Amino acid sequence: MSAEPINLDSWREFPAAQQPDWPDPSALEGVVSELQGLPPLVFAGECDELKDRLAAVARGEAFVLQGGDCAETFAGATADNVRDKLKTLLQMAIVLTYAGRVPVVKIGRLAGQFAKPRSKATEIRGGVELPAYRGDMVNGFDFTPEARRPDPARLLRAYHTSAVTLNLARAFTKGGYADLRQVHAWNQDFVAESPAGRRYEQLAREIDQALAFMHACRADPEEFHTVEFYSSHEALILDYDRALTRVDSRTGLPYDVSAHMVWIGERTRQLDGAHVEFFSRIRNPIGVKLGPSSSPEDVLTLIDKLNPANEPGRLTFIARMGASRVRDALPPLVEKVGASGAQVAWICDPMHGNTFEAPSGHKTRRLDDVLDEVGGFFEVHRALGTHPGGIHIEFTGDDVTECVGGGHPIVEEDLALRYETACDPRLNRSQSLDLAFRVAELYRSS
């Protein structure tokens with residue numbers, strides 16, 4: 001048991017970046033009080049289980065596939081949307097599992113990814129200035145004074161929408177929908193239909209033969225029918241995540257029970273900031289995004305603050321350097337961390353460093369740039385003898401037109417056809433599967 005109570009509110013004494021300007025503090029207090037009395041969305045034991053899985057990643061014995069929406073919306077928490085995201089994630093995972101010959105840890109950016117940091121606090125359209133959209137947890141997307149007013153009642157709606165989403169995810173992953181043979185059949189359909197499918201035929205055929213062999217041996221383990229699936233989000237709005245922090249009855253230690261894993265973003269990883277302080281107090285597995293401005297000294301200080309006991313599986317660094325920078329910006333960080341003896345997992349976010357604005361005004365990403373950054377990430381780890389531990393991507397199971405390229409190529413002129421994201425552009429299902437097969441090729445050659 002913990003020797004003395006941990007001060008879970010120490011973060012309030014530090015500068016907190018990217019927090020909403022709530023118009024009514026008393027309304028916020030009422031919402032926070034209600035959230036504190038609600039049941040946990042996940043359990044501390046599940047968080048510890050994920051920590052064990054991530055410890056295997058840090059040792060080079062597993063690979064992370066983390067993905068989902070850039071910013072979830074309340075309206076998007078439907079059975080069809082959750083099912084299609086899970087379907088895409090599972091299809092990617094089976095390819096990566098077979099190619100890498102290691103377990104794939106499946107983590108969704110869902111059931112809590114309702115808030116987004118913004119580069120500017122306000123947005124101007126037609127001479128009208130309103131607060132920026134910070135995600136459905138904070139305010140509305142419509143450009144009206146009413147919608148853009150931060151409303152703490154949205155924190156409660158985020159909780160209940162997350163509960164619905166997690167319930168659906170558990171039902172799909174435990175109720176037979178995730179059956180390995182079914183998922184492989186979906187991939188066979190993709191290979192048959194994709195213009196790039198011929199490139200992937202051999203790998204798909206090998207998986208088919210492996211499954212046929214297992215069937216002939218009458219091997220039918222439980223793992224063929226269900227999957228382990230974990231939730232994660234950027235713990236941006238500290239009042240929400242603090243309200244959902246509970247002291248575990250088994251250990252007397254605090255866990256943020258809004259998700260199995262939470263991470264600190266590139267804009268909120270200040271060493272003297274409230275987010276780092278709050279994360280230092282909770283016992284979940286945690287992540288930190290690292291952009292190209294990250295210095296080895298900063299990274300080592302983050303390790304000291306967030307994982308002083310050097311607990312395996314506790315800390316994951318999520319590199320988001322950009323395709324043009326990953327090969328020069330990442331090696332000094334990996335080298336210094338390795339030399340320190342710190343046990344961390346390294347995964348690649350190839351999305352956030354590769355965003356640009358198309359002539360139409362749409363924010364977009366090129367799949368080729370995404371693939372190039374993943375390739376650079378693997379090259380760095382191969383050269384240093386370290387483990388490329390996973391990928392962290394923004395995708396949807398829908399046939400949106402938000403990123404350009406892919407086997408079914410989307411060009412910049414297509415972006416307006418189905419540009420549906422609430423924030424940043426996401427890979428669609430076909431592009432996500434293209435990425436999985438390409439990463440599988442990288443893993444095999446590393």
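Residues numbered from 1 in each chain as written. Predicted model: local features only at pLDDT ≥ 70, side-chain atom pairs only at ≥ 80, totals over all residues. Heavy atoms only, no water.

## With respect to the pattern of salt bridges
Taken as a whole, this structure holds 34 salt bridges when the rule is applied. A salt bridge links Arg250 to Asp48, with the shortest nitrogen-to-oxygen separation between them at 2.8 Å. Pair noted here: Arg250 is in the loop between β6 (245-247) and β7 (254-256) and Asp48 is in helix α2 (residues 44-58), with a separation of 202 residues, a long-range link. The partner of Arg327 in a salt bridge is Glu379, and the shortest N-O contact between them spans 2.9 Å. Placement of the pair is Arg327 in helix α11 (residues 326-340) and Glu379 in helix α12 (residues 367-384), with a sequence separation of 52 residues. The exposure class assigned to Arg327 is partly exposed, which follows from its relative accessible area of 34%. What emerges from the salt-bridge pattern is a single network uniting Asp48, Lys51, Asp248, Arg250, Arg283 and Glu311. (Salt bridge = Lys/Arg side-chain N within 4 Å of Asp/Glu carboxyl O. Helix = DSSP H or I, 4+ residues; strand = E, 2+ residues; numbered from the N terminus. Buried < 20%, exposed > 50% of the residue type's maximum accessible area, 1.4 Å probe, protein only.)

## Here we look at the side chain of His233
Note that His233 resides in strand β5 (residues 230-234). At a separation of 3.0 Å, a polar atom in the side chain of His233 contacts the side chain of Asp241. Not counting the four nearest positions on each side in its chain, His233 is found in contact with Ala111, Gly112, Gln113, Asp241, Ser258, Ala259, Met261, Val262 and Trp263. (Polar contact = N/O pair within 3.5 Å; in protein donor to acceptor, adjacent residues only side chain to side chain. Contact = heavy atoms within 4.5 Å.)

## Structural notes on helix α13 (residues 429-445)
Taking 1.5 Å as the rise per residue, α13 with 17 residues should run 24 Å; its terminal C-alpha atoms sit 25 Å apart, in good agreement. By the criterion of burial, α13 is predominantly enclosed, with 12 of the 17 residues buried. Turning to α13, its buried residues are Arg429, Ser430, Gln431, Ser432, Leu433, Asp434, Leu435, Ala436, Phe437, Val439, Ala440 and Tyr443. Contacts made by the buried residues of α13 are with β1 (63-68), α3 (79-100), α6 (180-193), α7 (197-216), α12 and β14 (390-394). The opening residue of α13 is Asn428, an N-cap whose side-chain oxygen sits 3.2 Å from the backbone nitrogen of Ser430. (Expected span 1.5 Å × (residues − 1).)

## Topic: unusual backbone geometry
Of note in this structure, Ala111 is not a glycine but carries a positive phi near 65 degrees. Topologically, Ala111 is positioned in the loop between β2 (104-109) and β3 (122-125). Residue Ala111 is classed as buried on the basis of its relative accessible area of 1%. Phi at Asn310 takes a positive value of approximately 55 degrees, unusual for a residue other than glycine. Take Asn310: it is sitting in the loop between α10 (296-306) and β10 (315-319). Taking relative accessible area as the criterion, Asn310 reaches 24% and is therefore assigned partly exposed.

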